[in-house]
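Fold and geometry: a report
Given next are the chains, with one letter for each unit.
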Amino acid sequence: VPITFSREEQWTSFCEPRKFPLVLDPVLQGSKLTRVLIDGGSGLNLIFASSLRKMGLNYMSLLTPSKAPFYSIVPGNSSTLIGSVTSPVTLGTEKNFRTEHIKFEVANFQSSYHAILGRPALAKFMAVPHYVYILLKMPGNTGVLSLRGNLLKSFECDKEAIIHASSIRVPSSVSEILVAAKELSLDNKDFVPSKRPSQSSVKPTNDVGTKTIQLQEGDESRTAIICTGLGDK
């Protein structure tokens with residue numbers, strides 16, 4: 001199914017393209033999630049435990065083990081997933097829609113979104129996002145399915161994401177390292193460290209003896225000098 005974009009689909013203008021996130025409202029397990037981030041830069045599909053609780057699902061019985069940590073979601077720290085769950089996700093309307101079973105990693109921390117659809121989900125839907133037009137297109141059951149984001153919702157989610165990021169406490173070990181590094185740079189502003197020889201460099205010693213041996217190879221005679229330390233057997 002050919003998927004194209006044209007200037008006619010630009011329903012609003014932005015002074016900074018990609019400034020606002022693409023947020024849609026798919027249906028998951030019979031519940032409509034109104035804040036789902038479409039993130040083509042994410043290598044996983046993420047859903048939050050709070051979203052599953054609001055949906056009234058006993059998600060603990062649905063989880064399968066997932067031990068891989070991920071980064072860049074919680075500032076200054078990594079997060080360990082509590083498991084994964086597979087669920088049908090429907091995008092579109094009754095006239096034109098598409099449903100796919102998507103595997104989500106489940107995270108147990110607060111976010112301004114209900115879930116995040118990353119590259120794996122976009123590949124499953126064969127979807128193409130356009131971040132300038134805040135538009136997502138994919139093959140539907142009756143042709144190309146076009147889904148537009150909501151500018152006000154995108155702004156609200158982005159604003160809440162900044163608040164969540166600023167409220168998350170950086171681990172004490174990280175903050176202590178930053179303070180120590182800052183104090184060290186201030187105290188030693190004019191200090192130039194002296195060059196030290198590498199510990200792995202070979203140092204000559206006076207306690208070395210030499211021994212010459214003859215190596216016979218065919219009609220040629222070669223001489224090799226072997227260095228041995230005193231006391232070596």
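Going by the structure above, here's the rest.
Right, let's walk through the structure included here. (Residues numbered from 1 in each chain as written. Predicted model: local features only at pLDDT ≥ 70, side-chain atom pairs only at ≥ 80, totals over all residues. Heavy atoms only, no water.)

Assigned secondary structure in the protein consists of four helices and 15 strands. When each of the 233 residues of the protein is scored for burial, the buried share is 32%. Excluding contacts between residues fewer than 6 apart, the proportion of contacts in the protein whose partners are at least 24 apart in sequence is 59%. As displayed, the protein has an accessible area near 15,700 Å², and 54% of this comes from carbon and sulfur atoms. (Helix = DSSP H or I, 4+ residues; strand = E, 2+ residues; numbered from the N terminus. Buried < 20%, exposed > 50% of the residue type's maximum accessible area, 1.4 Å probe, protein only. Contact = heavy atoms within 4.5 Å. Areas by Shrake-Rupley, 256 points an atom, 1.4 Å probe, with all protein chains shown as cover.)

So, on to the pattern of salt bridges. This structure, assessed with the given rule, holds five salt bridges. The partner of Lys137 in a salt bridge is Glu9, with the nearest N and O atoms 2.4 Å apart. With a gap of 128 residues between them, Lys137 in strand S12 (residues 135-140) and Glu9 in the segment before strand S1 (22-24) connect regions that are remote in the sequence. Each member of the pair Lys137 and Glu9 is classed as buried. (Salt bridge = Lys/Arg side-chain N within 4 Å of Asp/Glu carboxyl O.)

We now examine the pairing of strand S8 (residues 83-92). Here two bridges tie strand S2 (residues 27-28) to S8, and the two strands are oriented antiparallel to one another. Bridge pairing in S8 places Val27 opposite Thr90. As defined by bridge partners, S8 adjoins strand S9 (residues 97-107) across ten bridges and the pair is classed as antiparallel. Each residue of the ladder has a partner; that of Gly92, found in S9, is Phe97. Between S8 and S9, which follow one another and run antiparallel, lie four residues. (Pairing = 2+ DSSP bridges.)

Before going further, it helps to spend a moment on empty space enclosed by the protein. Inspection of every chain in the model, using the stated rule, returns one cavity of 30 Å³ or more. The computed volume of the largest cavity comes to approximately 50 Å³. In the lining of the largest cavity, the residues fall into seven nonpolar, two polar and no charged. (1 Å grid on protein atoms, 1.4 Å probe; cavity = no way out; pocket = protein on both sides within 12 Å on 5 of 7 lines; lining within 4 Å. Points joined across faces, edges and corners; volume = space filled by probe spheres on them. Nonpolar A, V, L, I, M, F, W, Y, C, P; charged D, E, K, R; others polar.)

Let us now look at the nonpolar core. Ile47, Phe104, Leu136 and Met138 are the most contacted members of the largest nonpolar core, which has 31 residues in total. In this structure, Leu37, Leu46, Ile116 and Cys157 belong to the second largest nonpolar core, which totals ten residues. (Core = buried A, V, L, I, M, F, W, Y, C linked by side-chain atoms within 4.5 Å.)

What the three strands build is an open sheet, ordered S11-S12-S13; its pairing is antiparallel. The outermost strands of the open sheet, each flanked by one partner alone, are strand S11 (128-130) and strand S13 (143-148). Neighbouring strand axes in the sheet, compared pairwise and without regard to direction, differ in orientation by 25 degrees on average. Here six bridges tie S12 to S13, and the two strands are oriented antiparallel to one another. What sits directly across from Leu135, in S13, is Arg148. (Axes fitted to C-alpha atoms, helices over the stretch in contact; angles between N-to-C directions.)

Right, let's talk about the sheet that holds S2 for a bit. Read from one edge of the open sheet, eight strands run S1-S4-S10-S5-S9-S8-S2-S3, paired in mixed fashion. Sheet topology places S1 and strand S3 (31-32) at the edges, where each strand pairs with a single neighbour. Judged from the three bridges that link them, S1 and strand S4 (residues 36-38) form a sheet pairing that is antiparallel. Pairing of Leu24 across the sheet is with Val36, part of S4.

The subject of this paragraph is the pairing of S9. The pairing of strand S5 (residues 46-48) with S9 spans three bridges and is parallel. In the sheet register, Leu46 faces S9, and the bridge partner there is Glu105.

Turning to the packing of aromatic side chains, a few remarks are in order. Inspection of the entire model under this criterion finds two aromatic pairs. Their ring planes at 75 degrees and their centres at 5.5 Å tell us that Phe48 and Phe109 sit as a pair that is edge-to-face. Note that Phe48 is positioned in strand S5 and Phe109 in the loop between S9 and strand S10 (115-117), a separation of 61 residues in sequence. Of the two residues, Phe48 and Phe109, both sit in the buried class. Above the ring of Phe5, the side-chain terminus of Lys137 is found at 4.9 Å from the ring centroid. (Phe/Tyr/Trp six-rings, centres within 6.5 Å; stacked < 30°, edge-to-face > 60°. Lys NZ or Arg CZ within 6 Å of the ring centre and 35° of its normal.)

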